[in-house]
Every structure is written in structure tokens, then in C-alpha cells.
Amino acid sequence: MLPKPLKHKNGAMRLVAASTLALMIGAGAHAQVNPVEVPVGANETFTSRVLTTGLSNPWEITWGPDNMLWVTERSSGEVTRVDPNTGEQQVLLTLTDFSVDVQHQGLLGLALHPEFMQETGNDYVYIVYTYNTGTEEAPDPHQKLVRYAYDAAAQQLVDPVDLVAGIPAGNDHNGGRIKFAPDGQHIFYTLGEQGANFGGNFRRPNHAQLLPTQEQVDAGDWVAYSGKILRVNLDGTIPEDNPEIEGVRSHIFTYGHRNPQGITFGPDGTIYATEHGPDTDDELNIIAGGGNYGWPNVAGYRDGKSYVYADWSQAPADQRYTGRAGIPDTVPQFPELEFAPEMVDPLTTYWTVDNDYDFTANCGWICNPTIAPSSAYYYAAGESGIAAWDNSILIPTLKHGGIYVQHLSDDGQSVDGLPELWFSTQNRYRDIEISPDNHVFVATDNFGTSAQKYGETGFTNVLHNPGAILVFSYVGEDAAGQTGMMTAPAPQTQYTQVPAEGAGAGATEVADVDYDTLFTEGQTLYGSACAACHGAAGQGAQGPTFVGVPDVTGDKDYLARTIIHGFGYMPSFATRLDDEEVAAIATFIRNSWGNDAGILTPAEAAATR
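Residues numbered from 1 in each chain as written. Predicted model: local features only at pLDDT ≥ 70, side-chain atom pairs only at ≥ 80, totals over all residues. Heavy atoms only, no water.

Draft legend 1. Seen up close, the overall build of the protein chain. Helix and strand counts for the protein chain stand at 7 helices and 30 strands. Taking all 609 residues of the protein chain together, 59% fall into the buried category. Within the protein chain, contacts between residues separated by at least 24 positions form 63% of all contacts whose residues are at least 6 apart in sequence. Of the roughly 23400 Å² of accessible surface on the protein chain, 50% is carried by carbon and sulfur atoms. (Helix = DSSP H or I, 4+ residues; strand = E, 2+ residues; numbered from the N terminus. Buried < 20%, exposed > 50% of the residue type's maximum accessible area, 1.4 Å probe, protein only. Contact = heavy atoms within 4.5 Å. Areas by Shrake-Rupley, 256 points an atom, 1.4 Å probe, with all protein chains shown as cover.)

As C-alpha cells, then:
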């Protein structure tokens with residue numbers, strides 16, 4: 001049988017030559033927003049280029065024994081092999097039974113069997129993806145770990161076997177990273193808690209502390225697996241030496257996690273994991289079997305700093321979600337210092353701040369004291385590697401479009417100082433891989449918000465290299481690299497900049513703007529600014545629904561106030577949208593999809609600034 005041609009989903013040849021675009025590694029004022037000064041790495045010791053583009057939210061990149069990059073594309077459900085020299089892409093698998101949303105569902109992690117392509121009969125590829133067990137109108141997403149066999153003659157992945165299915169999933173915080181243990185006999189599998197008790201999911205109970213009963217394990221009911229790291233036999237069964245937690249042995253290795261998306265192993269077998277915090281305290285952890293990592297009762301250290309567990313799932317039915325600001329007394333609250341169970345402290349956090357830290361004095365969630373760690377990679381330089389990175393954890397970040405290099409102590413049991421920031425660009429870095437000859441490959445998201453490199457707002461939705469793999473080639477400590485980095489075209493909407501001195505009531509004078517004009521303008525703006533998170537039909541995705549919500553239709557100021565000032569993970573658009581544009585979006589939302597709430601005028605929008 002002939003190998004499958006290299007094709008896009010539309011049938012066009014998928015032979016993508018390596019890009020010669022310049023890569024703009026900048027040091028703009030908004031390249032990073034941290035409460036401490038983070039040193040910048042010696043980018044001049046690398047050259048850089050765009051290896052390939054046109055990927056559909058690449059999520060995992062793994063170096064294969066065939067000296068190729070094995071890539072998962074979250075949104076298209078494709079496993080794609082990429083030539084690390086030319087950027088040519090070959091699709092090996094296209095899923096048909098997966099579910100996908102804006103940010104968190106789809107095809108996620110991939111791991112190759114340690115004996116892959118070694119003629120031992122173990123040419124297996126393991127993947128994780130989400131799938132819908134409900135209906136389109138009432139989705140019920142789950143995720144599963146699946147094993148495929150590689151057909152070398154056809155160059156395709158075939159014969160899928162579900163190893164563990166029915167694992168909780170949702171529209172937020174699905175984890176999804178898988179890695180083989182050093183013994184080659186087990187797979188570690190990270191799971192988030194589906195964003196429960198937060199944002200649009202604030203009514204959903206958080207199960208990160210929930211542990212399964214023996215009856216649930218015997219029945220294959222994995223509802224308690226949210227917010228856990230699993231350790232799984234290669235046939236999907238529960239290892240006999242997994243920890244027994246509160247009298248029950250399951251796939252669960254550790255618990256109390258928010259959204260761990262990175263896991264890697266040190267040379268002595270130490271397990272390191274990175275984890276997204278709320279609006280503080282992203283974590284780097286050592287993973288110890290049976291350990292409780294505290295979430296949602298504790299974020300970072302159990303220190304009582306800038307976090308309290310507010311159990312919104314137990315709030316009165318008519319209580320509106322307010323995020324961290326002004327939590328109502330009707331919401332049960334549990335200070336960190338009152339959490340009694342034994343727990344494992346992180347190696348370090350990014351970042352812990354004092355209780356007087358002003359979260360309102362920045363550009364919104366993108367400027368909060370976190371970095372959004374999307375993966376993790378232990379690196380040892382050896383004799384010919386990248387000496388500046390020796391004995392460190394490499395952490396790609398979504399917010400700062402960079403690689404944080406966190407050095408470790410000699411024994412690997414603590415960190416050695418602050419991390420260094422390398423390769424900072426206006427992108428969202430999703431995963432990292434390093435070839436044996438010191439080429440560093442970084443996968444980028446297709447869309448989303450990142451720290452702004454140039455400008456005054458502090459955040460942007462314009463990514464310079466969406467859906468790409470970037471390659472940084474090490475040229476030595478004494479060489480001068482050619483690192484000025486990537487200005488690939490990014491056809492995304494640029495919003496009107498409101499002058500700082502003109503913001504506020506009266507800044508925009510619009511006379512006699514009628515309903516039809518605002519509605520039509522709002523329809524266009526909604527499609528470019530809001531639909532990615534809230535759904536094209538307002539049905540909700542990563543963000544909450546707009547359909548039939550009392551705050552949307554009843555409180556006339558609610559939408560304008562939220563658009564202008566931001567809320568939770570939603571950034572402020574105060575300097576990016578003028579009053580007419582805010583009014584247009586609000587009017588469109590208030591009068592679409594069955595909503596019938598009337599016009600919001602530019603003057604009313606201005607009054608909320």
C-alpha cells in the first residue's frame with residue numbers, strides 16, 4: 001500500500017516549506033507583567049525561524065525515533081508528522097468521534113511507546129481526546145485515553161483501543177498531558193477540574209478534593225477523577241502499586257489539582273508538574289504518590305495570601321458571580337489557613353503576592369501575577385547541550401509567549417533562584433520539544449489573549465505566529481545569533497484605541513445613533529471580539545452564555561460595565577473600544593437569540609467608564 005499523500009483537510013497538498021519569516025523576539029514594555037523582575041536569557045545564542053504554519057491549534061509536539069516531530073492538532077483532531085528540517089506535514093490520523101470547543105476540548109496529549117519503531121511489536125501511539133456523550137443541544141463531554149497502532153506501510157494510525165474512557169471533561173481545565181514513566185510500564189495522565197466553581201461554571205461543584213469509593217472504582221465510574229494526576233498501566237488497568245488513598249486504590253496518583261498541563265521526569269525519576277493557578281500562584285510541583293496538592297482550598301502555599309476558597313456552587317440560586325472582588329457573605333468562604341489536611345507544598349509559585357496587592361490596577365487577567373504554564377520539559381545539557389539550561393525545567397507560557405527556564409538545585413528537590421525568560425514573542429506557547437542536536441521547537445496557539453509586546457493596553461488578541469511551530473537553533477555560548485523574531489501576517493481585528501486622556505463619559509460624541517445602526521455594527525464586532533469565547537450564537541463556550549441571562553437583559557449597565565472594565569478571565573476593553581462600539585456590542589447581545597431588551601446608547605456606555 002502506498003503512503004497517504006500529505007494533505008490538508010480541504011485536499012490541498014500539505015507540503016509546507018520552512019518559513020523564512022523573521023522572528024521578532026522583542027523586549028517591549030509589555031513583554032512580561034510580573035510582580036518581580038525576571039531576568040532575560042541570552043537569546044543571541046540561538047538563531048530562529050518559523051518551521052511550519054497552518055496547524056489547527058497544535059497541542060503536543062514529541063520527537064520520534066524516526067527523527068520527526070509528532071504533533072497533535074487540538075481543533076482538527078489530527079495527528080500530524082512534521083519534518084523538522086523542511087516543515088512538511090503528513091496527517092497520520094483524523095479523529096471523527098471527538099468533541100472540540102474554543103480552548104479546552106479536542107485532541108490533547110500524545111505519547112509514543114518507549115519501544116516504538118524498535119521491531120518489538122510495540123509500535124503504539126497513545127493519545128487523549130474529548131468526546132461528547134450527550135447531544136448537540138445538551139452536551140456531556142468526557143475524555144479518554146486511547147492506544148493506536150502505527151501501520152508503517154500505510155503510514156497511518158490504525159486499530160484504536162480505548163484504555164480508559166468516561167473520564168470527566170468540560171469546556172475548561174481539562175489537563176490532558178500524558179507522559180511515559182521512566183520504567184516504560186506506566187503512563188502519567190494529568191486532569192484538570194473542568195473550571196468548576198469559576199466563571200461560567202461557577203455553579204458546578206469542584207471535585208479536586210473528591211476521592212472515589214471502592215464501589216465507584218469497581219463500576220468504572222470515574223467522576224472523582226477531576227483535578228487529579230493518574231498513573232495507568234499500558235492496558236488501562238490500575239497499577240497494583242498505585243497509592244491507596246483513604247482506603248481505595250484507583251488510577252489516582254495525586255489529587256487536589258486545578259489544571260496541571262505539564263509533566264516531566266528528572267534523571268533520578270523525580271516527577272515535576274506545572275499547574276495553572278487562579279489569578280495568582282501558578283505552580284511548579286514535585287509529584288509524590290498519594291499527595292494532596294490543596295486545590296481548591298489552597299492556591300500555591302497554605303499561607304493565607306491573596307486567595308480564599310469561595311464555594312460558589314453552594315451560593316443562593318439568585319446569586320450573581322462576582323469573581324474575587326467583593327465576594328458576598330451569602331457565598332461560603334474558607335480561608336487557606338483553615339485547611340487542615342496534610343498537603344504538598346509547591347517547589348515554587350509564579351507568583352505569590354500579599355493581600356494588599358491591587359488586582360484592579362492592571363490590564364485585567366492577562367496582567368495578573370501568573371504566567372499560564374502550558375507544559376513542562378526537564379533539560380540536562382550533557383557535554384554538548386545548551387549549557388545555560390542545564391538541570392532546569394523549561395516552562396512554555398500562554399500569557400507571556402516565552403519559555404521560562406527554572407533552574408533546580410543539584411539534587412532536583414528545590415529551585416535555584418528566579419526563572420529566566422527566553423524567546424519572548426507576541427504568541428501563546430503551548431508545548432516545547434528539543435531535538436538531539438539542540439534545536440528547540442515551540443508550538444503556538446491559533447488564537448487567544450497574550451501579553452502585548454508593543455502598545456499601551458498590556459494585552460492583545462493579535463498573535464504574530466498563530467498555529468505554527470517555531471524553531472530556535474542553538475549556535476553556542478560565544479556565537480551571535482540572528483534572533484529578531486516573527487512577524488507573520490495575523491489577519492485579526494485591530495480595535496480602535498481610545499486615547500488615555502479622552503476615556504470616560506463624554507469621550508465619544510455620537511449624535512442620534514439609532515437601534516438598527518448599533519445592532520448591525522454590534523453584529524460585526526461581536527463576531528470578531530466575542531464569538532470565540534461566548535459562541536457564535538451566544539450559547540457560551542469558554543465564556544458564559546448570553547441567552548436568557550437576567551444580568552444581560554435586565555441590568556442595562558451590566559454588559560457595558562463588563563466590556564469596559566473586564567471581569568474574571570475577560571480582559572478590559574476600555575482602551576480598545578470606544579463608547580459607540582461598546583454600545584453596539586451590548587445592543588446586539590441584548591437583542592439576539594431570543595433576548596429582547598432594547599438599545600444601550602453610547603452615552604449610557606460612557607457613563608459606566
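Draft legend 2. Here's a closer look at the side chain of His251. Structurally, the position occupied by His251 is in the loop between β14 (248-249) and β15 (252-255). Contacts of His251, omitting those with residues within four sequence positions, involve Val164, Trp222, Tyr225, Ile229, Leu230, Arg231, Val232, Gly236, Thr237, Ile238 and Asn242.

Draft legend 3. Representation of the pairing of strand β8 (residues 141-151) within the structure. Most of β8 sits out of view: 9 of its 11 residues are buried. Strand direction decides the pairing type here: strand β7 (residues 124-132) and β8, joined by 9 bridges, are antiparallel. Bridge pairing in β8 places Tyr129 opposite Lys144. With 8 bridges joining them, β8 and strand β9 (residues 156-168) adopt antiparallel strand pairing. For Leu145, the partnering residue across the bridge sits in β9 and is Val164. (Pairing = 2+ DSSP bridges.)

Draft legend 4. The sheet that holds strand β3 (residues 69-73), seen in detail. Read across the sheet, 4 strands follow the order β2-β3-β4-β5 without closing on themselves; strand pairing throughout is antiparallel. A strand with exactly one partner marks an edge of an open sheet, and here the two such strands are β2 (58-63) and β5 (89-94). Neighbour-to-neighbour, the strand axes of this sheet turn through a mean angle of 25°, independent of strand direction. Across 5 bridges, the pairing between strand β4 (residues 78-82) and β5 is antiparallel. By the bridge assignment, Thr80 is partnered in β5 with Val91. (Axes fitted to C-alpha atoms, helices over the stretch in contact; angles between N-to-C directions.)

Draft legend 5. Summary view of the pattern of salt bridges. This structure, assessed with the given rule, holds 16 salt bridges. A salt bridge links Arg609 to Asp579, with the shortest nitrogen-to-oxygen separation between them at 2.5 Å. A residue pair is termed long-range when its members are at least 10 positions apart, and Arg609 in the segment after α7 (602-606) and Asp579 in helix α6 (residues 579-590) qualify at 30 residues. (Salt bridge = Lys/Arg side-chain N within 4 Å of Asp/Glu carboxyl O.)

Draft legend 6. Representation of the sheet that holds strand β10 (residues 178-180) in the model. Taken in spatial order, the 4 strands line up as β10-β11-β12-β15 in an open sheet, and their pairing is antiparallel. Of all the strands in the sheet, the pair left with one neighbour each is β10 and β15. Ignoring which end each strand starts from, the neighbouring axes of this sheet average 20° apart. The pairing of β10 with strand β11 (residues 186-190) spans 3 bridges and is antiparallel. Looking at β11, one finds that Phe180 is bridged to Ile187.

Draft legend 7. Looking closely at helix α5 (residues 558-565). Of all 8 residues in α5, 6 are buried; the element is thus mostly enclosed. Taken as a whole, α5 has its buried residues at Tyr558, Leu559, Ala560, Thr562, Ile563 and Ile564. Buried residues along α5 sit against α4 (550-554), α6 and α7.

Draft legend 8. How the structure looks around the nonpolar core. Tyr526, Leu559, Val582, Ile585 and Ile589 are the most contacted members of the largest nonpolar core, which has 26 residues in total. For this core, the elements supplying multiple residues, two or more each, are α2 (515-529), α5 and α6. Counting residues per element, this core draws most heavily on α6, which supplies 7 residues. The contacts of Val582, once residues within four sequence positions are left out, are Ala560, Ile563, Ile564, Leu577, Ala605 and Arg609. Judged by nonpolar contacts, the second largest core, of 25 residues, contains Tyr126, Val128, Val232 and Leu234. (Core = buried A, V, L, I, M, F, W, Y, C linked by side-chain atoms within 4.5 Å.)

Draft legend 9. Representation of the packing of aromatic side chains. Counted by the stated rule, this structure contains 32 aromatic pairs. Centroid distance Phe188 to Phe265: 5.6 Å. Interplanar angle 65°. Geometry classified as edge-to-face. With Phe188 in strand β11 and Phe265 in strand β16 (residues 260-265), the pair connects residues that are 77 residues apart, well separated along the chain. By relative accessible area, Phe265 is classed as buried at 15%. Lying across the ring of Tyr131, Lys144 places its NZ or CZ 4.8 Å from the centre. Here Arg147 stacks its cationic end above the ring of Tyr124, 4.2 Å away from the centre of that ring. (Phe/Tyr/Trp six-rings, centres within 6.5 Å; stacked < 30°, edge-to-face > 60°. Lys NZ or Arg CZ within 6 Å of the ring centre and 35° of its normal.)

Draft legend 10. Representation of the packing of α5 against α6 within the structure. At a closest axis distance of 9 Å, the pairing of α5 and α6 adopts a crossing angle of 135°. When the axis of α5 is compared with that of α6, the two are oblique. The element α5 and its partner α6 pack so that their crossing is right-handed. Only Val582, Ile585, Ala586, Ile589 and Arg590 of α6 make contact with α5, whose side of the interface consists of Leu559, Ala560, Ile563 and Ile564. (Parallel < 35°, antiparallel > 145°, perpendicular 65-115°, else oblique. Left-handed = near helix turned anticlockwise from the far one by under 90°.)

Draft legend 11. Broad picture of the state of the cysteines. One pass over the full model with this rule turns up 1 disulfide. One disulfide bridge connects Cys363 with Cys367, the sulfur atoms lying 1.9 Å from each other. On the sign convention where negative means left-handed, the S-S torsion of about 90° between Cys363 and Cys367 marks this disulfide as right-handed. In this structure, Cys363 and Cys367 share a single accessibility class: buried. (Disulfide = S-S within 2.5 Å.)

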